[in-house]
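Examination of the molecular architecture
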Amino acid sequence: GSETRDMITFNIPQNKITSFLRLFYCLGVFFTYPVMLFPVYGVTESKIRCLRKSRGLWRRILFRTALVVLTGLIGMQIPHFGLFLGLIGSIACS
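Residues numbered from 1 in each chain as written. Predicted model: local features only at pLDDT ≥ 70, side-chain atom pairs only at ≥ 80, totals over all residues. Heavy atoms only, no water.

**Some points on the packing of aromatic side chains**
Evaluated as defined, the whole model comprises 2 aromatic pairs. Measuring from centroid to centroid gives 5.0 Å for F30 and F31, while their planes differ by 80°, and the two rings are edge-to-face. For F31, a relative accessible area of 56% gives the class exposed. (Phe/Tyr/Trp six-rings, centres within 6.5 Å; stacked < 30°, edge-to-face > 60°. Buried < 20%, exposed > 50% of the residue type's maximum accessible area, 1.4 Å probe, protein only.)

Here you go:
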């Protein structure tokens, strides 16, 4: 109904177990999001000349960090991001 929230853990009554679930969910997203961007890193680093060199390790790390932060900021700026993500998922996955 109208009181259903975007994240499933917000629909469960508040107690210690749901607080731990939310914490571990956030930690899981935090640590796996950079891994999901790995194909993007491969494509963009192959196109940018200064990132192709084996000596450009710090440049690649800085580029990857900036890409994660930039996409995170873009995601935070979109209101009702869950609805937007659902729309993209329904179009791309069907």
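**Overview of the packing of helix 1 (residues 16–36) against helix 2 (residues 38–47)**
Close contact between helix 1 and helix 2 brings their axes to 5 Å; oriented N to C, the two are set at 35°. Two secondary-structure elements touch here, helix 1 through P34, V35 and M36 and helix 2 through F38, P39 and Y41. A per-class count over the contact of helix 1 with helix 2 returns 6 nonpolar, no polar and no charged. (Axes fitted to C-alpha atoms, helices over the stretch in contact; angles between N-to-C directions. Helix = DSSP H or I, 4+ residues; strand = E, 2+ residues; numbered from the N terminus. Contact = heavy atoms within 4.5 Å. Nonpolar A, V, L, I, M, F, W, Y, C, P; charged D, E, K, R; others polar.)

**Thoughts on the pattern of salt bridges**
Applying the stated criterion to the full structure yields 1 salt bridge. Ionic pairing is found between E45 and R64, a salt bridge with its closest N-O pair at 2.8 Å. With E45 in helix 2 and R64 in helix 4 (residues 57–77), this pair connects stretches of sequence that are 19 residues apart. (Salt bridge = Lys/Arg side-chain N within 4 Å of Asp/Glu carboxyl O.)

**A word on the layout of surface pockets**
Counted as a void, the largest pocket has a volume near 970 Å³. Taken together, the elements giving at least two residues each to the lining of the largest pocket come down to helix 1, helix 4 and helix 5 (81–92). Here the lining of the largest pocket takes 8 residues from helix 4, the largest share from any one element. (1 Å grid on protein atoms, 1.4 Å probe; cavity = no way out; pocket = protein on both sides within 12 Å on 5 of 7 lines; lining within 4 Å. Points joined across faces, edges and corners; volume = space filled by probe spheres on them.)

**Notes on a positive patch on the surface**
Among the surface-exposed residues, K47, R49, R52, K53, R55 and R59 lie close enough to one another that they form a single positively charged patch. Checked against the element boundaries, R49 lands in helix 3 (residues 49–52). Relative accessible area serves as the criterion here: at 67%, R49 is assigned to the exposed category. (Patch = residues over 30% accessible without salt bridge, like charges linked within 9 Å, V, L, I, M, F, W, Y side chains within 5 Å. Areas by Shrake-Rupley, 256 points an atom, 1.4 Å probe, with all protein chains shown as cover. Lys, Arg positive; Asp, Glu negative; His and termini not counted. Charge placed at Lys NZ, Arg CZ, Asp CG, Glu CD.)

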